[in-house]
Amino acid sequence: MIKNRIKNKIIISVLVVLLSLSSCLPFVKTPKVVNKIDEKFKSTAGIDIIEALKNKDVERLSSVFCEKVANSEYLNTNINYMFKYIDRNGGLIIPDGEWKFRGSGHGAQSGGRKVVDYGGWTYNKDVFIGNKKYHLVCNSYFTLIGHKDYEGITHINFVEIIDNSIKNDDFLDKLNNALNIYGSQPIKYLGMGIFNFNNETYLDENVAPKEIYENEEYRFSFDELEKGHSKW
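Report follows, based on the coordinates. In this convention, every chain numbers its residues from 1, walking through the sequence in written order. Given that the model is predicted, a residue must reach a pLDDT of at least 70 before its local features are reported, and side-chain atom pairs must reach 80 or more before they are shown or counted; all residues, however, enter totals for whole chains, interfaces and linings. Only hydrogens and water are removed before side-chain values are computed, so all heavy atoms of the structure are retained for them.

Here lysine 56, not a glycine, exhibits a phi torsion of approximately 55°, which is positive. Inspection of the secondary structure assignment puts lysine 56 in the loop between α3 (45-55) and α4 (58-63). Here the term buried applies to any residue with accessible area under 20% of the maximum for its type, exposed to any over 50%, and partly exposed to those in between, with areas from a 1.4 Å probe on protein chains only. On the accessibility criterion, lysine 56 (45% relative accessible area) is partly exposed. You will see that asparagine 71, though not glycine, has its phi angle at about 60°, which is positive. Take asparagine 71: its relative accessible area is 48%, and that puts it in the partly exposed class. Numbering of helices and strands runs from the N terminus, with a helix taken as a DSSP run of H or I at least four residues long and a strand as a DSSP run of E at least two residues long.

What follows is the structure, encoded as structure tokens:
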């Protein structure tokens with residue numbers, strides 16, 4: 001009888017320890033969760049983005065963003081400038097393709113649940129503005145417990161594709177030198193961007209004038225938004 005009691009106490013103690021340890025385990029994003037995020041984007045926002053870009057639909061494009069910036073005068077001005085830039089530079093061509101989920105760029109867990117989860121998608125076909133080739137990318141907070149109004153799409157960007165043939169040692173030396181001089185430009189602003197490669201600075205630069213997109217209300221800092229949750 002006494003032996004059974006001791007045995008039961010040991011079993012209960014082990015279970016308590018195991019349960020307490022399990023609460024400290026990091027959140028593991030299962031394929032089911034990943035697929036749910038991916039499918040929802042592709043069936044709604046992903047379609048809206050492509051169709052809005054093709055039809056120059058400012059309202060539809062603006063509405064896909066996170067609550068913080070969606071349908072704001074700032075974002076609509078940003079998008080209008082982007083469409084005008086595209087028209088001045090030969091028009092936009094988006095071949096038929098699909099969005100590819102890049103997964104989490106970074107994240108954090110607390111108490112066994114995700115509190116920060118940031119990642120995005122890349123369109124699987126190159127797009128063109130005039131004769132320049134671009135990647136079309138979309139970034140999003142899937143989870144941001146401290147700032148729910150930032151959950152959703154934070155950026156949609158065109159990023160110029162540089163000819164791989166010029167990525168030799170000389171190019172990399174100049175790029176590294178430019179990064180040392182100018183920095184890696186960590187400051188971000190919510191919204192749209194068309195980033196062209198600057199042959200003098202060897203950095204990508206947003207084509208929009210600074211007064212259009214450098215608005216302090218929409219300045220974007222991972223460290224500030226994720227304070228207390230995530231370090232990256």
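Only buried residues count toward a nonpolar core. Its members are Ala, Val, Leu, Ile, Met, Phe, Trp, Tyr and Cys residues joined through side-chain atoms within 4.5 Å. Within the largest apolar cluster, 54 residues are counted, with the highest numbers of intra-cluster contacts made by Ile49, Leu53, Leu61, Met82, Ile156, Phe158 and Met192. In terms of residue count, the dominant contributor to this core is helix α5 (residues 73-88) (eight residues). Excluding anything up to four places from it in sequence, methionine 82 contacts Leu53, Leu61, Phe158, Met192 and Ile194. We call two residues contacting when some pair of their heavy atoms lies within 4.5 Å.

Unfilled space is identified by rolling a water-sized probe across the atoms. Estimates place the volume of the second largest pocket at around 440 Å³. Put simply, the parts of the chain that give the lining of the second largest pocket at least two residues each are α2 (31-43), β5 (132-144) and β6 (152-160). Residues that form the lining of the second largest pocket fall into these classes: ten nonpolar, three polar and four charged. In the cavity and pocket records, a cavity denotes points on a 1 Å grid over the protein atoms alone where a 1.4 Å probe fits but cannot get out, a pocket denotes an open set with protein on both sides within 12 Å along at least 5 of 7 lines, and lining residues are residues with an atom within 4 Å of a point. Grid points are joined across faces, edges and corners, and a volume is the space filled by probe spheres set on the points. As a working rule, the residues Ala, Val, Leu, Ile, Met, Phe, Trp, Tyr, Cys and Pro are called nonpolar, Asp, Glu, Lys and Arg charged, and the rest polar, with Gly in that last group.

Bringing the packing of aromatic side chains into the picture now. Given two aromatic rings, one states the distance between the centres and the angle between the planes to describe the pair. Whether two aromatic rings pair depends on their centres lying within 6.5 Å, for rings of Phe, Tyr and Trp, where Trp uses its six-membered ring; planes under 30 degrees apart make the pair stacked, over 60 edge-to-face, and the rest tilted. Taken as a whole, this structure holds 15 aromatic pairs when the rule is applied. Considering the side-chain rings of phenylalanine 101 and tryptophan 121, the 5.3 Å spacing of their centres and the 50° angle between planes classify their relative orientation as tilted. Pair noted here: phenylalanine 101 is in strand β2 (residues 99-110) and tryptophan 121 is in strand β3 (residues 113-123), with a separation of 20 residues, a long-range link. Overall, tryptophan 121 belongs to the buried group, its relative accessible area being 2%. Both rings, one in phenylalanine 101 and one in phenylalanine 142, keep their centres 5.7 Å apart while their planes meet at 50°; by these two values the pair is tilted. With phenylalanine 101 in strand β2 and phenylalanine 142 in strand β5, this pair connects stretches of sequence that are 41 residues apart. Under the relative-accessibility criterion, phenylalanine 142 is labelled buried at 14%.

By definition here, a salt bridge exists when the distance from a side-chain nitrogen of Lys or Arg to a carboxyl oxygen of Asp or Glu is within 4 Å. Under the counting rule described, the total for this entry stands at nine salt bridges. Of the charged contacts, one joins lysine 100 and glutamate 98 as a salt bridge, the two residues approaching to 2.8 Å between their closest N and O atoms. Given the relative accessible area of 38%, glutamate 98 is considered partly exposed. A salt bridge links glutamate 151 to lysine 148, with the nearest nitrogen and oxygen atoms 3.1 Å apart. Given the relative accessible area of 22%, glutamate 151 is considered partly exposed. Three or more residues joined by partner-sharing salt bridges are found here, namely Asp48, Glu51 and Arg60.

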